[in-house]
Amino acid sequence: MLLFDLLKLESSELEPGRCKVHLAGWNGHESPLDVYFKGEFDSWQSWQSKRNFEREYVVSLIQLPEPSRWLYVGSYSRGGSEKFDDHVEYDLSPMPNTQGLAGRAVCEFRRPSRNPYLLGETVAPSCVIHEVKSERLQLAEFPGFKNIDISFGELGVIVRQAIPSWRAALESVAGVYLISDHKDGKLYVGSATGEGGFWSRWCAYLGGHGDNVRLRQLIKEAGPARAESFHFSVLEIADTHTKPEEVLAREAHWKRVLLSRLHGYNGN
């Protein structure tokens, strides 16, 4: 079934010719999926660099990790707009009749270009419903230490919401972790010891730098948004009662192996 056919069953006004489709993807600073998990997508979308929503309705899709897969997150009626020197702010109101599918409908669509703002009639013929989930998509439960690879935005959601499975796991162990910068490829190797384990240590990164000298300097020079490029993973785990010097020795090993002193953000 086509997305627009399904949407018209919910709200007959959503004719393709009256809609602009927003294909929200990574903008160089933020992941819209992270923003959505935080509950801030509506306000985030309302801020545009130029007049991108000059139709009555906006249908919003967020890019998923799988190729050509998009999460439908809502349809909006466009009110007024206000032009500022460097951006436009739109008054976008979620359409109540279409919110039941928001966060649940996953679409398959091959975008014809890099343009994230397409006319409804361009998208309508080939945007197909892949599945409708029974519940809204949420940040996944803890996947196991070997599978951790979370963005800075996802870390913020996990910490602020204190997602039980993540907190319980991260509090239970100490060890060595890795921060990889997806903007320039640099690495930072760190360690977590004692009570609270990884959870306590990673909570300190909500400010972007975790009080690490080189990361603090990077954030100072580039601004807080620079941390949006960071991803967190675990290199190895240890018991929270392990002597700190033993964990620090393993941290030093990984710094040598990954050359994070020479080419990364480790300064010692």
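Check the entry above for the structure.
In this text the structure is predicted, and so the values were computed from the model without any measurement.

Draft legend 1. Quick look at the side chain of Ser260. In this fold, Ser260 is placed in the segment after helix 9 (244-258). According to the relative accessible area criterion, Ser260 is buried, its value standing at 1%. Separated by 2.6 Å, the side chains of Ser260 and Asn266 make a polar contact. Residues within four places of Ser260 in sequence aside, it is in contact with Leu187, Val189, Arg214, Lys255, Tyr265 and Asn266.

Draft legend 2. Looking closely at the pattern of salt bridges. What the rule picks out here adds up to twelve salt bridges. Between Arg18 and Glu56 there is a salt bridge, with its nearest N and O atoms 2.9 Å apart. With a gap of 38 residues between them, Arg18 in the loop between helix 1 (3-10) and strand 1 (19-24) and Glu56 in the loop between strand 2 (47-48) and strand 3 (57-63) connect regions that are remote in the sequence. Overall, Arg18 belongs to the partly exposed group, its relative accessible area being 31%. Between Arg226 and Asp184 there is a salt bridge, and its shortest N-O distance comes to 3.3 Å. Residue Arg226 is found in the loop between helix 8 (213-222) and strand 12 (230-239), and its partner Asp184 is found in the loop between strand 10 (173-181) and strand 11 (187-192); the two are separated by 42 residues along the sequence. Since its relative accessible area comes to 11%, Arg226 is described here as buried. Members of the salt-bridge network, linked through shared partners, are Asp181, Asp184 and Arg226.

Draft legend 3. Broad picture of the layout of surface pockets. A volume near 840 Å³ is recorded for the largest pocket. As for the largest pocket, its lining consists of 36 residues, of which Ser31, Leu33, Leu64, Pro65 and Glu154 are closest to the centre. Listed by contribution, the elements that provide at least two residues to the lining of the largest pocket are helix 2 (32-38), strand 3, strand 8 (128-132) and strand 9 (150-151). With four residues, the top contributor of residues to the lining of the largest pocket is helix 2. Forming the walls of the second largest pocket are 17 residues, and the residues nearest its centre are Gly25, Trp26, Asn27, Pro116 and Tyr117. Broken down by secondary-structure element, the contributors of at least two residues to the lining of the second largest pocket are strand 1 and strand 2. The dominant element in the lining of the second largest pocket, judged by the number of residues it contributes, is strand 1, at three residues. Here the lining of the second largest pocket is built from residues that sort into seven nonpolar, seven polar and three charged.

Draft legend 4. Geometry of the sheet that holds strand 12. Taken together, the four strands give an open sheet; going across it, the order is 9-12-10-11, and neighbouring strands pair in antiparallel fashion. Two strands in the sheet have a free side with no partner beyond their single neighbour: strand 9 and strand 11. Its contacts with the sheet place helix 9 against strand 10, strand 11 and strand 12, and it is angled at close to 170 degrees to strand 11.

Draft legend 5. How the structure looks around helix 8. Turning to helix 8, its buried residues number three or more, namely Leu215, Leu218 and Ile219. Projected onto a plane normal to the axis of helix 8, the buried residues spread over an arc of 95 degrees and lie on a single side. Helix 8 presents Val213, Lys220 and Glu221 as exposed residues on the side facing more than 90 degrees away from its buried surface. Buried residues along helix 8 sit in contact with strand 10, strand 11 and strand 12. Directly after helix 8, the chain includes Gly223, whose backbone phi takes a positive value near 95 degrees.

Draft legend 6. Summary view of the environment of Leu101. Mapped onto the elements of the fold, Leu101 is located in the loop between strand 5 (88-94) and strand 6 (105-108). Judged by relative accessible area, which is 8%, Leu101 ranks as buried. Measuring from C-alpha to C-alpha, the distance between Leu101 and Lys83 comes to 31 Å, with 18 residues separating the pair along the chain. Look past the residues within four positions of Leu101 in its chain and what remains in contact with it is Leu6, Leu7, Glu10, Tyr72 and Val132.

Here is what the cut-offs are and how they apply
- Residue numbers run consecutively from 1 along every chain, following the written order of its sequence.
- Confidence filtering applies because this is a predicted model: local features only for residues at pLDDT of at least 70, side-chain atom pairs given and counted only at 80 or more, and all residues used for totals across whole chains, interfaces and linings.
- Side-chain metrics in this entry use all non-hydrogen atoms of the structure; hydrogen atoms and water are not considered.
- Numbered from the N terminus, helices here are DSSP runs of H or I no shorter than four residues, and strands are runs of E no shorter than two.
- With a 1.4 Å probe rolled over the protein chains alone, any residue whose accessible area is under 20% of its type maximum counts as buried; one over 50% counts as exposed, and the rest are partly exposed.
- Two N or O atoms count as a polar contact when they lie within 3.5 Å, although within protein this holds only if one can serve as hydrogen donor and the other as acceptor, and sequence-adjacent residues are included solely when both atoms are side-chain atoms.
- Here, residues are in contact when the closest pair of their heavy atoms is within 4.5 Å.
- The salt bridge criterion pairs a side-chain nitrogen of Lys or Arg with a carboxyl oxygen of Asp or Glu, the two atoms within 4 Å.
- Residues are called lining when one of their atoms sits within 4 Å of a cavity or pocket point, these points coming from a 1 Å grid over the protein atoms alone, where a cavity is a set in which a 1.4 Å probe fits but cannot get out and a pocket is an open set with protein on both sides within 12 Å along at least five of seven lines.
- Grid points are joined across faces, edges and corners, and a volume is the space filled by probe spheres set on the points.
- As a working rule, the residues Ala, Val, Leu, Ile, Met, Phe, Trp, Tyr, Cys and Pro are called nonpolar, Asp, Glu, Lys and Arg charged, and the rest polar, with Gly in that last group.
- By this definition, two strands are paired if DSSP reports at least two bridges between them.
- Fitted lines through C-alpha atoms serve as axes, helices being fitted only where they are in contact, and the angles separating the N-to-C directions of these axes extend from 0 to 180 degrees.
- What the arc covers is the set of directions going from the helix axis to the C-beta atoms.

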